[in-house]
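Summary of the model geometry
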Amino acid sequence: MEPMTISQVSKILGISTRMLRYYEKAGLIESRRKEGYAYRIYDENTVCRLRRILLLRKLRIPVRQIKIILQNPNAATAVEIFQKNINELDEEITALSTIREILSRFANELANATGLPLQSLLEKDDILLESIESLALVSINFKEDQTIEKLNQANISLSQPTDIRVIYLPPAAIAAAHYVGDEPENHVNTLLDGFVRENKLHKIKPDLRRYGFNHPNPVDETGYHGYEAWVTIPEDMEVPAPLIKKHFAGGLYAAHMIAFGNFNEWEQLFIWANQSEKYEFAGDMKDQEHMCGMLEEHLNYVNHVELENTEPEDFQLDLLLPLREKQP
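Because the structure is a prediction, the values reported are computed rather than measured.

About the criteria used
Residues numbered from 1 in each chain as written. Predicted model: local features only at pLDDT ≥ 70, side-chain atom pairs only at ≥ 80, totals over all residues. Heavy atoms only, no water. pLDDT = per-residue confidence, 0-100. Helix = DSSP H or I, 4+ residues; strand = E, 2+ residues; numbered from the N terminus. Contact = heavy atoms within 4.5 Å. Pairing = 2+ DSSP bridges. Axes fitted to C-alpha atoms, helices over the stretch in contact; angles between N-to-C directions. Parallel < 35°, antiparallel > 145°, perpendicular 65-115°, else oblique. Left-handed = near helix turned anticlockwise from the far one by under 90°. Nonpolar A, V, L, I, M, F, W, Y, C, P; charged D, E, K, R; others polar.

Comments concerning the confidence of the model for the protein chain
Chain-level pLDDT for the protein chain is 80 on average; 77% of the residues reach the 70-or-more range. Within the protein chain, no element has a lower average pLDDT than helix H8 (residues 151-158), which sits at 44, and none a higher one than strand S8 (residues 244-248), at 97. Segment residues 136-159 is flagged for pLDDT under 50; beyond a separation of four residues in sequence, or across chains, it makes 28 contacts in the model.

Quick word on the sheet that holds strand S3 (residues 40-42)
Taken together, the three strands give an open sheet; going across it, the order is S1-S3-S2, and neighbouring strands pair in antiparallel fashion. In this open sheet, the two strands that pair with only one neighbour each are strand S1 (4-5) and strand S2 (32-33). Pairing between S2 and S3: two bridges, direction antiparallel. Residue pairing across strands places arginine 32 opposite isoleucine 41, the latter belonging to S3.

Points about the packing of helix H1 (residues 6-13) against helix H3 (residues 44-58)
One can describe the packing of H1 onto H3 by two numbers: an axis separation of 12 Å at closest approach and a directional angle of 40°. When the axis of H1 is compared with that of H3, the two are oblique. The handedness of the crossing between H1 and H3 comes out as right-handed. Residue-level contacts link Val9, Ile12 and Leu13 of H1 to Val47, Leu50, Arg51 and Leu54 of H3. A per-class count over the contact of H1 with H3 returns six nonpolar, no polar and one charged.

What follows is the structure, given as structure tokens:
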């Protein structure tokens, strides 16, 4: 098989070029540069490795565990990790089964006493109340063993976002960094992080916010694109070149939190917006130059600035989709 560009691999495997860069930065894969060719390419072995990575991700294996599995060809390592994850799933399945039993009991109680307030039903059954209070919060709805044929369907179900909030982002002065070329995120991150640390911005403005977006989105087979990142600053603060001072208009957004790398969940955020009875997408799909008005917010940025050695897989991001209320 002929080596492929990052864009070709992205299309064949159905993942974003940014996800590919993330896997490379995390040490899961490697690209190389062909002599006389400026862009990164991926050989057949790397593509096969990526297929294994994507299979493990569909099984909800975290990136850190995948790295351990790939670094240790002995099957015993994978078995140990799989068993650990199975045990965690078993605990959640048990908790979900308990919740189901309690909900069934609630339903029966309510059916037999529809005239009583819910508070009375809760307070009169101490055993039921204690059972509920003893439950741990569960984060997934994986209730039964799934066959390989059902895996893709389960993957869609598990990835449905359940934490979408509608928030208002206030207007703000910002310092903006922009770069087009290879690994643009790294370039702008280095610029902004240095600016924030040098000026102790996180001390001067403890409520600072850190946004970013593709500028522009990848548009050709090379996978090259740009990235722009913002950090909010005091209104009277000046910024040094190559940073640019701008003003963010703010507005209404749908927010969905992800662990760094799960950018595929943008699709689910769009689905939510399309199905909303109250809100609609307020961005411009023709404006690919600025990612159609969508943003990503780095949620634990101050911690990253202070520690200086945090890894991308430790980051949490809000995917931010511009909204407006539907007109009656």
